[in-house]
Amino acid sequence: MEKRGRFIVLEGIDGSGTTTQAENLKAHLESQGKKVHLTRQPSTGVIGKTIREFLAKKEGQAVNWEMLALLFAADRLHHWEAEIEPHLRAGDFVISDRYVLSSLVYQGEDCPEEWVAQINQYAPQPDLTFWVNISAEAAFKRVKDRGGVEEVYDDLAKQQSLEKRYARLASSQNAIEVNGDRSISEVTQALCEAMQKHLGV
Ligand code: ADP
């Protein structure tokens, strides 16, 4: 029987480079002959799609933060059952851009932190969580340069607060900190070295 795959999570504020690094980690693992499934939260499933609709700033639409936190927790369980677990069972590596730590950081801004942890208690633990750490200012500049859809999380003061929350909460998810404020290839190298150390790949 084929060995169960490994579940790797990338975390960090917007612009920290998690999308870029998820693709680079995938390429790195594939170069070793591994099968890799790249995914992100909110997921592309029905609950994830609903979350994206709420997150995209819509005129006149108030966001209920508790409802959003519950949707994120529900999406996580659905994502696990429908997508992550089947890939792991097939022996694939799964890399997710965001997981539980994102909810503690983002939804914990507007909802009681302990409650957010509680509603996420059934989400299975990843094999490895990385926190790509970068200053809010540097990440904000990258996001502005990138352009794209305006989201409710999209301003500098918010990013600074989220950066602090990552620093405080990363250890609760056993996240390994990687300095994201350097070149793309240097960050990738640091991630690959940590992956080798912790997962032997
Ligand atoms: P995230 O998914 O964390 O929001 P992205 O991977 O989308 O971040 O990166 C945000 C922007 O910054 C993109 O335009 C990307 O090309 C650029 N970028 C990512 N990593 C770096 C880096 N280490 N140095 C400079 N620019 C970067």
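Per-chain numbering applies: the sequence of each chain, read as written, is numbered from 1 onward. Side-chain atom pairs in this predicted model are given and counted only at pLDDT of 80 or more, local residue features only at pLDDT of at least 70, and totals for whole chains, interfaces and linings cover all residues. Hydrogens and water molecules were not included; the side-chain quantities draw on all heavy atoms of the structure.

A.B. asks: Can you walk me through the pairing of strand E1 (residues 7-11) in this structure?
C.D. replies: Remark: a regular strand shows side chains that alternate across the two faces of the sheet. For E1, the tally of buried residues reaches 5 of 5 residues, placing the bulk of the element in the interior. Here's how the labels work: a residue is buried when its accessible area is under 20% of the maximum for its type, exposed when over 50%, partly exposed in between, all with a 1.4 Å probe on protein chains only. Secondary structure elements are defined from DSSP: runs of H or I of at least 4 residues count as helices, runs of E of at least 2 residues count as strands, and each element is numbered from the N terminus. Of the two faces of E1, the one holding Phe7, Val9 and Glu11 and the one holding Ile8 and Leu10 are both buried throughout. Whether two strands pair comes down to DSSP finding at least two bridges between them. Two strands pair when backbone bridges link them, and E1 and strand E3 (residues 93-97) are joined in this way by 4 bridges, in the parallel orientation. By the bridge assignment for E3, leucine 10 is matched with aspartate 97. As paired strands, E1 and strand E4 (residues 128-133) are joined by 4 bridges and run parallel to one another. Paired with isoleucine 8 across the two strands is leucine 128, which belongs to E4.

A.B. asks: I would appreciate a short explanation of the site of the ligand in the present structure.
C.D. replies: Of all residues adjacent to the ligand, which total 13 residues, the nearest are Gly15, Thr19, Thr20, Arg146 and Arg182. Polar contact is the term for a pair of N or O atoms within 3.5 Å; when the atoms are in protein, one must be able to donate a hydrogen and the other to accept it, and sequence-neighboring residues count only if both atoms are side-chain atoms. At 3.3 Å, a backbone N or O of serine 16 approaches an oxygen atom of the ligand. Interatomic distance of 2.7 Å between a side-chain N/O atom of arginine 146 and an oxygen atom of the ligand. Methods summary: accessible areas were calculated by the Shrake-Rupley approach with a probe of 1.4 Å, and residue burial reflects only the protein chains presented. For the ligand, whose free accessible area comes to 560 Å², the fraction covered by protein is 74%. At the level of elements, helix H1 (18-30) and helix H6 (136-146) are the ones that each hand at least two residues to the shell around the ligand. Considering each element in turn, the shell around the ligand owes the most residues, 3 residues, to H1. Charged means Asp, Glu, Lys or Arg here, nonpolar means Ala, Val, Leu, Ile, Met, Phe, Trp, Tyr, Cys or Pro, and polar covers whatever is left, Gly included. Here the shell around the ligand is composed, by residue class, of 2 nonpolar, 7 polar and 4 charged. Proximity is defined per residue: any heavy atom of the residue falling within 4 Å of a molecule or strand makes that residue near it.

A.B. asks: Would you mind going over the pattern of salt bridges with me for this structure?
C.D. replies: In what follows, salt bridge is the name for a side-chain nitrogen of Lys or Arg lying within 4 Å of a carboxyl oxygen of Asp or Glu. Inspection of every chain in the model, using the stated rule, returns 10 salt bridges. We note a salt bridge from aspartate 145 to lysine 141, for which the minimum N-O separation is 3.0 Å. Of this pair, aspartate 145 and lysine 141 both sit in helix H6, 4 residues apart, which is roughly one turn of that helix. Owing to a relative accessible area of 57%, aspartate 145 belongs among the exposed residues under this scheme.

A.B. asks: How should I be thinking about unusual backbone geometry in this particular structure?
C.D. replies: Note on backbone geometry: most residues besides glycine have negative phi, and most peptide bonds are trans. Across the junction of glutamine 41 and proline 42, the peptide omega takes the value 0°, indicating a cis bond. Along the chain, proline 42 falls in the loop between strand E2 (36-40) and helix H2 (46-55). With a phi angle near 55°, asparagine 174 is a residue other than glycine that sits in the positive phi range. Take asparagine 174: it is sitting in the loop between helix H7 (156-169) and strand E5 (176-179).

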